[in-house]
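Given next are the chains, with one letter for each unit.
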Amino acid sequence: MKYRDTLKINEQGHLAIGGADCVALAEKYGTPLYVMDEEHIRTVCRGYKKLLDTRYANSRILYASKAFAALAVYGIVHSEGLGADVVSGGELYTALKGGMPAEEIYFHGNNKSRDELEFAVKENVHAVVVDSYYEIETLSEIASKLGKTQKALVRVNPGIDAHTHRFIQTTRTDSKFGFSIADGSALATIKKVCATKNLRFIGLHCHIGSQIFEQKPFELAVEKMTDFISALNKENISVEELDLGGGYGVTYTDDDKPLEPHQYVSIIIDKLDECLKHKKIAPPKLILEPGRSIVGEAGITLYTVGAIKEIKDMKKYIAVDGGMFENPRFALYQSKYAAVLANRAAEKATEKVTVAGKCCESGDILIEDIMLPKAKSGDLLAVFTTGAYNYSMASNYNRNPVPPVVLVNNGESDYIVKPQSYEDIISRDAIPPRLGANK
Ligand code: LLP
């Protein structure tokens, strides 16, 4: 695993994150527990900022909220100079309440509701990223009703097939996202936005996929998007902002060899500089939207090992107190994870096991075939790189409470998401009077 200053094995042989001993964290907060390393989040943000400040100052990094949205996160990323992208009314609400200024928020989504759009326009978000004709009409109606002009980007599909799991790809030609450049619908949509009252077209957006390691797809995206800017300029349409989305890969297991997060940005800027010069395009404001690379490796999840079951000559399961309700990524994408026994982190891994969750479903696996020291019930398992798309995709499946999230820094730890009780779980249930009172 990729250890770092804030994620290491301490003198007791325990895993420590953000200066906090994981055994002590588990004792204090219980398990399952999401733990987020504040310093790591800040370090990644600073890496992005520093590179952009020196190489392409007319730019903005937006934190992709969908990776992990909770009030405290917005405060952290905003204090590091980032804005945010949101994809729902709920994310927008959380971002605003978390202190992200509306003018630094971009609103995405392929099917935003009228209420969501109205909320965004009323709050004065910087831009709405338009992704359907239906939305253009609704947004224009809302903006005129409120006497405003709403800035809009148009999401386009440059048709790039990034090598990643099919469900995480977003710009294959048959994607539900964006208007195709190739078939002319992107141009037609932009002309429509330009001609629609109370909307102001300011730029283009694309996002080519997630957990991408190669540099080529990003370079291709820059090529295609700048070609398209040239085509728009010929139609007398100027592009003030170019938003290239996120997607930079992170390390889940030793097989993953991503570049450092800011190196992806460097590659994009190299290509962009070259294309802008070559195609004689006025440099647009560059927007990037990383999510996973900011919070992914910052997070670990702690579990207590419970039942251990050996199927002779076949498989050994160790079951933990979490599962697909707090990390559905194996069930959804067969995602791979690395893990250690946090209370015996320095011990050699000697046996191959499968880590199962506690949900009533055979597919409820967290890690298939991982080498660990011989685990006993009561051991503490730490799974790495759970900061992105774990808490944000958690559910109450089987009525399991969503685990709390603790933020660690310099040995201090605090809740940023409090524990959910059984009472919380039933708090929105309602029994119609005609069913009578439950005994
Ligand atoms: N911008 C847009 C428009 C996006 O759709 C996404 C991710 C991002 C930015 C951030 O991408 P990132 O830097 O995090 O790769 N649930 C999946 C990931 C879905 C990502 C969807 N869009 C997973 O667990 O892997």
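A. Up close: the pattern of salt bridges. One pass over the full model with this rule turns up 27 salt bridges. Of the charged contacts in the structure, one is a salt bridge between arginine 46 and glutamate 80, with a shortest N-O distance of 2.8 Å. Within this pair, whereas arginine 46 is found in helix α2 (residues 38-55), its partner glutamate 80 is found in the loop between α3 (71-79) and β6 (83-86), the two being separated by 34 residues in sequence. When its relative accessible area of 41% is taken as the criterion, arginine 46 is described as partly exposed. Linking glutamate 368 and lysine 315 is a salt bridge whose minimum nitrogen-to-oxygen distance equals 3.6 Å. Of this pair, glutamate 368 sits in strand β18 (residues 365-372) while lysine 315 sits in strand β15 (residues 315-320), placing them 53 residues apart in sequence. The network of salt bridges with common partners includes Glu38, Glu39, Arg42, Arg46 and Glu80.

B. Spatial organisation of the pairing of strand β20 (residues 405-409). Counting buried residues along β20, five of its five residues qualify, which places the element largely inside the surrounding structure. Burial along β20 is two-sided: the residues Val405, Leu407 and Asn409 and Val406 and Val408 are all buried. Taken together, the four bridges between strand β4 (residues 33-37) and β20 define a ladder with parallel strand orientation. Opposite tyrosine 34, over in β20, you have valine 405 as the bridge partner. Examined bridge by bridge, β20 and strand β21 (residues 412-417) share five bridges and lie antiparallel to one another. What sits directly across from valine 406, in β21, is tyrosine 415. What sits between the antiparallel neighbours β20 and β21 is a turn of two residues, in which asparagine 410 has the positive phi angle 50 degrees.

C. Expanded view of the layout of surface pockets. The calculated volume of the second largest pocket comes to roughly 500 Å³. What lines the second largest pocket is a set of 28 residues, among which Tyr337, Ala338, Ala339, Ile370 and Met371 lie closest to the centre. Those elements that place two or more of their residues in the lining of the second largest pocket are β16 (339-341) and β18. When residues of the lining of the second largest pocket are assigned to their parent elements, the largest contribution, six residues, is made by β18. Of the residues belonging to the lining of the second largest pocket, the class tally is 17 nonpolar, three polar and eight charged.

D. Representation of helix α7 (residues 185-195) in the model. The complete set of buried residues in α7 reads Ala186, Thr189, Ile190 and Val193. What you see down the axis of α7 is that its buried residues fit within an arc of 100 degrees, all on one side.

E. Main features of the site of the ligand. What surrounds the ligand is a group of 18 residues, the closest being Ser210, Glu289, Arg292, Arg329 and Tyr389. One nitrogen or oxygen atom from the main chain of arginine 292 is found 2.8 Å from an oxygen atom belonging to the ligand. For the ligand, the protein covers 92% of the area, taking 580 Å² as the surface of the free molecule.

F. Up close: the nonpolar core. Of all hydrophobic cores here, the largest spans 83 residues; its most connected members are Leu204 and Ile294. In this structure leucine 204 touches Leu153, Val154, Val156, Ile190, Met225, Phe228, Ile229, Leu232, Val239, Glu241, Leu242 and Asp243, once residues within four positions along its chain are discounted.

G. Local environment of the environment of valine 156. With respect to the helices and strands, the residue valine 156 is situated in strand β9 (residues 150-157). Between the C-alpha atom of valine 156 and that of serine 79, which follows or precedes it by 77 residues, the distance is 31 Å. Contact partners of valine 156, with chain neighbours within four places excluded, come to Gly178, Phe179, Ile181, Ala186, Leu204, His205, Cys206, Met225 and Phe228.

H. Local environment of empty space enclosed by the protein. Within the structure shown, the criterion is met by one cavity of 30 Å³ or more. Roughly 40 Å³ of internal volume is contained in the largest cavity. Lining the largest cavity we find Cys206, Ile208, Phe218, Ala221, Val222, Leu244 and Ile268. When residues in the lining of the largest cavity are grouped by element, the largest group, three residues, is from helix α8 (residues 216-234). Here the lining of the largest cavity is built from residues that sort into seven nonpolar, no polar and no charged.

I. Local environment of the packing of helix α6 (residues 133-145) against α7. For the pair α6 and α7, the least separation of the axes is 11 Å and the interaxial angle reads 10 degrees. The angle between α6 and α7 falls in the class roughly parallel. Touching Tyr133, Ile136 and Glu137 of α6 are Ala188, Thr189, Lys192 and Val193, all from α7. When grouped by side-chain class, the residues that make up the contact of α6 with α7 number four nonpolar, one polar and two charged.

J. A look at the packing of aromatic side chains. With the rule as written, the count across this model stands at 11 aromatic pairs. Where tyrosine 29 meets tyrosine 415, the ring centres are 5.0 Å apart and the plane angle is 70 degrees; that geometry is what we call edge-to-face. In this pair, tyrosine 29 is assigned in helix α1 (residues 22-29) and tyrosine 415 in strand β21, connecting sequence segments 386 residues apart. The exposure class assigned to tyrosine 29 is buried, which follows from its relative accessible area of 13%. Judged by relative accessible area, tyrosine 415 falls into the partly exposed class, the value being 35%. With a centroid separation of 5.3 Å and 90 degrees between ring planes, the pair formed by tyrosine 252 and tyrosine 337 is classed as edge-to-face. Note that tyrosine 252 is positioned in the loop between β12 (241-243) and α9 (261-278) and tyrosine 337 in the loop between α11 (329-333) and β16, a separation of 85 residues in sequence. Here tyrosine 252 and tyrosine 337 have matching classes, each one buried. Taken together, the ring pairs in this structure connect Tyr48, Phe218, Tyr248 and Tyr264 into an aromatic cluster.

What counts and how
Residues numbered from 1 in each chain as written. Predicted model: local features only at pLDDT ≥ 70, side-chain atom pairs only at ≥ 80, totals over all residues. Heavy atoms only, no water. Salt bridge = Lys/Arg side-chain N within 4 Å of Asp/Glu carboxyl O. Helix = DSSP H or I, 4+ residues; strand = E, 2+ residues; numbered from the N terminus. Buried < 20%, exposed > 50% of the residue type's maximum accessible area, 1.4 Å probe, protein only. Pairing = 2+ DSSP bridges. 1 Å grid on protein atoms, 1.4 Å probe; cavity = no way out; pocket = protein on both sides within 12 Å on 5 of 7 lines; lining within 4 Å. Points joined across faces, edges and corners; volume = space filled by probe spheres on them. Nonpolar A, V, L, I, M, F, W, Y, C, P; charged D, E, K, R; others polar. Arc of directions from axis to C-beta. Near = heavy atom within 4 Å. Polar contact = N/O pair within 3.5 Å; in protein donor to acceptor, adjacent residues only side chain to side chain. Areas by Shrake-Rupley, 256 points an atom, 1.4 Å probe, with all protein chains shown as cover. Core = buried A, V, L, I, M, F, W, Y, C linked by side-chain atoms within 4.5 Å. Contact = heavy atoms within 4.5 Å. Axes fitted to C-alpha atoms, helices over the stretch in contact; angles between N-to-C directions. Parallel < 35°, antiparallel > 145°, perpendicular 65-115°, else oblique. Phe/Tyr/Trp six-rings, centres within 6.5 Å; stacked < 30°, edge-to-face > 60°.

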